[in-house]
Amino acid sequence: MSAKPVLNVALVGYSFMGRAHSNAYQQVNRFFADCPFEVRRKVLIGRSQGPLEEVAKTWGWEETATDLNLILGRDDIHLVDISTPNDSHHDLAISALKAGKHVLCEKPLALNTEQALEMFKVAQKAKTSDGKPVRNGVWHNYRRAPAASTAAGLIRDGKLGEIRHVRAVYLQDWLTDPSCPATWRMTAKTCGSGAHGDLNAHLIDMTRFLTGLEFDQVAAMQETFTKKRPAAGQKGKSITVDVDDALLFLARLSNGALASFEATRVAAGRKNYNRIEINGTRGSLVWNFERMNELEYFSFDDEPRTQGFRTIMCMNGAAHPYAGNYWPDGHIIGYEHTFTNHLYDFLVALKSGKPFRPDFADGVANQEVIDASLASAKSGAFVTVPHSQKFAKAVEPLRVQAKSAGIAG
Ligand SMILES: NC(=O)c1ccc[n+]([C@@H]2O[C@H](COP(=O)([O-])OP(=O)(O)OC[C@H]3O[C@@H](n4cnc5c(N)ncnc54)[C@H](O)[C@@H]3O)[C@@H](O)[C@H]2O)c1
């Protein structure tokens, strides 16, 4: 019998992210021997009993339920995880927080800043049944790739000097074919925005994570190339697409750095090309998810004869975060491990009371940039990112706390 306290999880949603999160709950105690909890997959929640039972069996969930509210009154549920479409995040998270459950939520945090702010405020006040603060987090899992995390550390240590540029793209091609049916990802009511809220959301978060800078001003352009798509499963019916297939924007960051971002679902041949390049006064770093264990690094500090981009394999257990928890050096890891690493860090923070990021405050900050870019795409003008005063005031003490705990951003 394990001496660790048990942490029972209820997961809402059981498709793409539901499987990625289920895997993380299954693996975290296996790869992180010092994980402070024994994590149990208690209840899997979905709307249709049939497929739900199948997935629960495959991923080892003890029970199923068709409504989160049915289990929120239970004392044996400690953490609620939300892996459903964007329009459900707000209501599910608020119900769980008010019931005193810790909450992990998928990105983007909400449909818009207003919803995200409300979630943040409820989270600030929420208490568990024994009076402790309820903890929260957002699944920007790419932060926890060993190479991305290494990049954040190098930048924090000043290896790039003053940041001048961020150049980020997130390219996919699955909507190039106009006959690809519409899903919740193509209607503003259910997703908020298209490639922007889906893909730029990650780039915005990654920029804030790596550089520790905020976004001050944005200028955006967007396009919906295919305006009608067949309705999934309804022969002869079509659905009007009212979100972007692609959204590109420029940004001025809080130290004056100039940055560019491009999210698209119609870049033929690109499957999940999530790449970020950061240029500073002393050097540059490049992280590309499709080669996720590598980091390209250039330094003016190298002697001129050997100056040039070098590729660092970030799977050295002694040097790179998370790497030592898996296999011998150089035995690479994949997409799913970023979720396990993310979960582990959340559980450590939960036990220790130390800050965890990205939290709902980061979710709000990311959402403010998403919304400002949408406003700019609509008006054709530069838009200042508002950084709500009230929000900034509430977040500042958390940021100071996070900095002193050595957490970047
Ligand atoms: N972190 C990442 O890398 C990443 C990647 C993909 C998606 N996401 C995010 O994860 C979320 C889910 O995306 P997905 O790709 O898993 O979607 P999906 O369409 O594959 O799955 C959505 C699931 O939610 C269920 N569902 C829908 N509405 C529900 C409701 N009201 N209550 C309960 N269940 C409901 C569906 O039945 C399905 O099981 C989105 O917010 C998306 O932006 C994040």
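Basis of the calculations
- Residues numbered from 1 in each chain as written.
- Predicted model: local features only at pLDDT ≥ 70, side-chain atom pairs only at ≥ 80, totals over all residues.
- Heavy atoms only, no water.
- Pairing = 2+ DSSP bridges.
- Helix = DSSP H or I, 4+ residues; strand = E, 2+ residues; numbered from the N terminus.
- Phe/Tyr/Trp six-rings, centres within 6.5 Å; stacked < 30°, edge-to-face > 60°.
- Buried < 20%, exposed > 50% of the residue type's maximum accessible area, 1.4 Å probe, protein only.
- Lys NZ or Arg CZ within 6 Å of the ring centre and 35° of its normal.
- Axes fitted to C-alpha atoms, helices over the stretch in contact; angles between N-to-C directions.
- Parallel < 35°, antiparallel > 145°, perpendicular 65-115°, else oblique.
- Contact = heavy atoms within 4.5 Å.
- Nonpolar A, V, L, I, M, F, W, Y, C, P; charged D, E, K, R; others polar.

Peer 1: Just checking my understanding: could you explain the sheet that holds strand β11 (residues 246–253) for this structure?
Peer 2: Paired through their backbone hydrogen bonds, the strands of a sheet run either parallel or antiparallel. Sheet architecture is open: nine strands sit in the order β16-β15-β14-β13-β7-β12-β11-β8-β17, paired in mixed fashion. If you trace the sheet from one side to the other, it starts and ends with β16 (310–313) and β17 (383–384), each paired once. Across four bridges, the pairing between strand β15 (residues 294–299) and β16 is antiparallel. Its bridge partner lying in β16, Leu295 is registered against Ile312.

Peer 1: What is the right way to read the packing of aromatic side chains from this model?
Peer 2: Working definition: an aromatic ring pair is given by the centre-to-centre distance plus the angle between the planes. Per the stated rule, a full pass over the model turns up 20 aromatic pairs. Measuring from ring centre to ring centre gives 6.0 Å for Phe32 and Tyr326, while their planes differ by 90°; the resulting arrangement is edge-to-face. One end of the pair, Phe32, is in the loop between α1 (16–31) and β2 (38–45); the other, Tyr326, is in the loop between β16 and α8 (335–352), with 294 residues separating them in the sequence. Relative accessible area serves as the criterion here: at 8%, Tyr326 is assigned to the buried category. Following the ring pairs from residue to residue traces out a cluster consisting of Phe16, Trp139, Tyr142, Tyr170, Trp287, Phe289, Tyr335 and Phe339. Its guanidinium or amino end placed over the ring of Tyr273, Arg270 lies 4.1 Å from that ring's centre, counting from NZ or CZ.

Peer 1: Is there a simple way to explain the packing of helix α5 (residues 146–156) against helix α7 (residues 195–211) in this structure?
Peer 2: The axes of two packed helices give the description: the angle between them and the distance between them. Two elements in contact, α5 and α7, have axes whose closest approach is 7 Å; the angle formed by their N-to-C orientations is 45°. If you check the angle between α5 and α7, you find them oblique. Each of Ala148, Ser149, Ala151, Ala152 and Ile155 in α5 lies in contact with α7, whose residues at this interface are Met206, Phe209, Leu210 and Thr211. Looking at the contact of α5 with α7 residue by residue, the classes come out as seven nonpolar, two polar and no charged.

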